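Summary of structural features
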Amino acid sequence: MLKVLRLFLLLASFSCSAAYAGESREVFLDALKEVSVIDDAEFKGEALVIWPKPSQQDLLDLEQLSQTLCDEALSHQALVVWFMDSIAFRSSGDMKLLHSQICLPSQATASIR
């Protein structure tokens, strides 16, 4: 009986954590969307996908910005930060990657262009 109770408590804990994580992700995304240089943001699987404002995307230091976002992305179970080309998407519907940052827990990150 005690094993069943422990299992139930463990499962309840996981479901509460999952619900909190989902809510926490939404709060984080809402805060990101309030940043003046970000047009949109979403989680796609284990990626944090950022759409910069078209008027700002060529001015941004995407490497520095993505490194800054990595710690927060990791806390929301995202392993990579992707910056997408808002200008190309708005003009032709093309999905183009501007910058990709792999997030590692040790603060050592790998950048791909």
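See the structure shown above.
Residues numbered from 1 in each chain as written. Predicted model: local features only at pLDDT ≥ 70, side-chain atom pairs only at ≥ 80, totals over all residues. Heavy atoms only, no water.

Quick look at the nonpolar core now. Nonpolar side chains in soluble globular proteins tend to be buried together. Of all hydrophobic cores here, the largest spans 17 residues; its most connected members are Leu32, Leu48, Ile50, Leu69 and Val81. Of the residues forming this core, the biggest block, four residues, is contributed by helix α2 (residues 62-75). Setting aside chain neighbours within four positions, we find valine 81 in contact with Leu48, Ile50, Ser66, Leu69, Cys70, Ala73, His99, Ser100, Gln101 and Cys103. Membership of the second largest hydrophobic core comes to five residues, among which are Ala47, Trp51, Val80 and Met84. (Core = buried A, V, L, I, M, F, W, Y, C linked by side-chain atoms within 4.5 Å. Buried < 20%, exposed > 50% of the residue type's maximum accessible area, 1.4 Å probe, protein only. Helix = DSSP H or I, 4+ residues; strand = E, 2+ residues; numbered from the N terminus. Contact = heavy atoms within 4.5 Å.)

What follows is about the side chain of glutamine 57. Secondary-structure assignment places glutamine 57 in the loop between β2 (47-52) and α2. Accessibility expressed as a relative area gives 5% for glutamine 57, which makes it buried. For glutamine 57, the residues in contact, after removing those within four places along its chain, are Pro52, Met84, Asp85, Ser86, Ile87 and Leu98.

Here we come to unusual backbone geometry. Positive phi is not limited to glycine here, since glutamine 77 has a value of about 65°. Counting through the fold element by element, glutamine 77 comes out in the loop between α2 and β3 (80-84).

Bringing the environment of leucine 59 into the picture now. Take leucine 59: it is sitting in the loop between β2 and α2. A sequence separation of 22 residues divides leucine 59 from valine 37, and the C-alpha atoms of the two residues are 9.5 Å apart.

With that out of the way, let us pick up α2. For an α-helix, the turn length of 3.6 residues means that residues three or four places apart are oriented alike. With 14 residues, α2 should cover 20 Å at 1.5 Å per step; its first-to-last C-alpha distance of 20 Å lies within 8% of that length. Along α2, the largest kink reaches about 35° and is centred on leucine 69. Where α2 is concerned, the buried positions are Leu62, Ser66, Leu69, Cys70 and Ala73. Phi turns positive, to about 65°, at glutamine 77, one or two residues after α2. (Expected span 1.5 Å × (residues − 1). Bend = angle between axes of the 7 residues up to and from the residue.)

With that settled, the discussion passes to the pattern of salt bridges. Considering all chains together, one arrives at three salt bridges under this definition. With a shortest N-O distance of 3.7 Å, lysine 33 and aspartate 40 are connected by a salt bridge. (Salt bridge = Lys/Arg side-chain N within 4 Å of Asp/Glu carboxyl O.)

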